[in-house]
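Chain by chain, the residues run as shown.
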Amino acid sequence: MSSATVVNVDIHGLLPKVASGKVRDLFAVNENTLLFVASDRISAYDVVMQNGIPGKGALLTAMSVYWFQYLKDRIPALQTHFISRSLPQPLESSLERPLYDTLKPRSMQVRRLEIVPIESIVRGYITGSAWSEYKQSSTVNGIALPSGLVEGQKLPKPLWTPSTKAEAGEKDENITPQRARAIIGDERVAADIERLSLQIYEVAASRAEEARIILADTKLEFGLDRANGNAVVLVDEVLTPDSSRFWPKDTWEEHLGKAQPSFDKQFLRDWLVSQGLKGKEGVTVPSTVVEQTAQRYRDAFEMLTGKKAEDIS
Ligand code: ATP
Ligand code: MG
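None of the values given here were measured: they were computed from a predicted structure.

Describing the domain arrangement of the protein chain
Thinking step 1. Taken domain by domain, the protein chain comprises domain 1 (17-112) and domain 2 (115-274).
Thinking step 2. Between domain 1 and domain 2, the residue contacts involve 26 residues of the former and 28 residues of the latter.
Thinking step 3. Buried area between domain 1 and domain 2, both sides added, is near 2300 Å², and the carbon and sulfur share of it is 67%.
Thinking step 4. Run the count over domain 1 and domain 2 and you get four salt bridges.
Thinking step 5. Here domain 1 and domain 2 share 10 residue pairs in polar contact (both at pLDDT 80 or more) between them.
Thinking step 6. Counting only elements with at least two residues in the side of domain 1 that touches domain 2, the list comes to strand 4 (43-44), helix 1 (56-74) and strand 7 (107-111).
Thinking step 7. Looking at the side of domain 1 that touches domain 2 element by element, the count peaks at 10 residues for helix 1.

Written out as structure tokens, the structure reads:
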């Protein structure tokens with residue numbers, strides 16, 4: 001694994017850049033294919049930090065690839081955007097070694113699709129924004145729940161709790177399933193997204209359980225294959241520490257009613273809050289926080305995939 005931390009992915013104009021998100025840069029391979037490149041950038045509270053987390057992009061890509069295969073093997077109806085881990089030709093042969101080493105472990109080729117403009121979130125446990133809403137109204141995304149739940153508790157059954165997919169700089173907003181169906185606009189597409197999301201959660205949560213990890217919640221995105229009867233396709237990253245909350249199972253019970261330790265950026269979030277830097281632009285994260293965050297990402301990867309972080313290539 002390359003040791004340099006890559007915050008700006010520069011491929012020197014070798015492929016046209018299509019978009020840059022908070023973490024990823026997307027390049028056009030051709031009309032139907034994207035090179036989907038995960039940088040080492042990290043965001044918290046919707047703001048990207050100045051410095052990155054070494055190895056993070058490669059870990060996110062390897063973890064997503066692992067899950068795309070794992071899920072496809074268990075959910076026959078599932079289509080994913082994943083095409084391959086190789087770099088496209090002629091790009092690959094034209095790259096000098098350092099750029100190849102930077103690009104290869106963090107990239108995958110994917111089908112270029114129209115993105116359905118909602119975040120398809122599934123929650124098996126109550127925390128975060130769902131816990132905030134529940135405390136106010138005993139509901140989550142407008143869905144009534146039994147009274148007396150405590151923070152971190154398992155929900156009676158996993159819930160589909162979609163949110164809007166906000167423009168850059170805006171905040172995603174939780175919405176009712178009915179509102180999400182209206183935004184999606186096509187009943188069959190909405191039903192497919194809800195059903196597949198719940199199936200993906202169930203399959204992933206039981207895999208995580210074997211590794212003594214609780215999958216508290218996860219955020220999925222879907223695309224539409226216009227050329228193929230508007231088939232619903234799983235896109236983006238899947239079941240990574242950026243898109244999911246992973247909690248160690250063995251300490252879950254003792255932390256019920258308060259925040260759970262987790263294999264994600266909670267450590268960074270807590271540091272930002274403690275320094276009064278929540279939501280501030282231009283923050284440089286100190287090396288101890290960078291290293292501890294990197295360690296949590298590596299732990300999540302290794303526990304869930306059974307592979308070694310240093311073997312990612
Ligand atoms: P945003 O871009 O909305 O700010 P983000 O910061 O999470 O979200 P990244 O994860 O950095 O974004 O970049 C991934 C972007 O690529 C997302 O906007 C996602 O919707 C989009 N995307 C994912 N898969 C595909 C695909 N197959 N085709 C086209 N776009 C995709
Ligand atoms: Mg994203």
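Don't stop here, the text continues.
A look at the UniProt feature "domain: SAICAR synthetase/ADE2 N-terminal" (unreviewed entry) in the protein chain
Thinking step 1. Those residues carrying the UniProt feature "domain: SAICAR synthetase/ADE2 N-terminal" (unreviewed entry) are residues 18-282 in this numbering.
Thinking step 2. The distance separating the terminal C-alpha atoms of residues 18-282 is 24 Å; by composition the span is 31% helix and 28% strand.

A word on the sheet that holds strand 7
Thinking step 1. On the basis of which strands lie adjacent, the open sheet formed by five strands has the order 1-2-3-7-6 and antiparallel pairing. Whereas interior strands pair on both sides, the edge strands pair on one side only; in this sheet they are strand 1 (17-20) and strand 6 (82-84). The sheet shows a mean angle of 35° between the axes of neighbouring strands, taken without regard to direction.

Calculation rules
Residues numbered from 1 in each chain as written. Chains lettered and ligands numbered in written order. Predicted model: local features only at pLDDT ≥ 70, side-chain atom pairs only at ≥ 80, totals over all residues. Heavy atoms only, no water. Domains from an automatic or database assignment. Contact = heavy atoms within 4.5 Å. Buried area = accessible area lost by both parts, 1.4 Å probe. Salt bridge = Lys/Arg side-chain N within 4 Å of Asp/Glu carboxyl O. Polar contact = N/O pair within 3.5 Å; in protein donor to acceptor, adjacent residues only side chain to side chain. Helix = DSSP H or I, 4+ residues; strand = E, 2+ residues; numbered from the N terminus. UniProt positions renumbered as here; feature names shortened; annotations may be inferred. Pairing = 2+ DSSP bridges. Axes fitted to C-alpha atoms, helices over the stretch in contact; angles between N-to-C directions.

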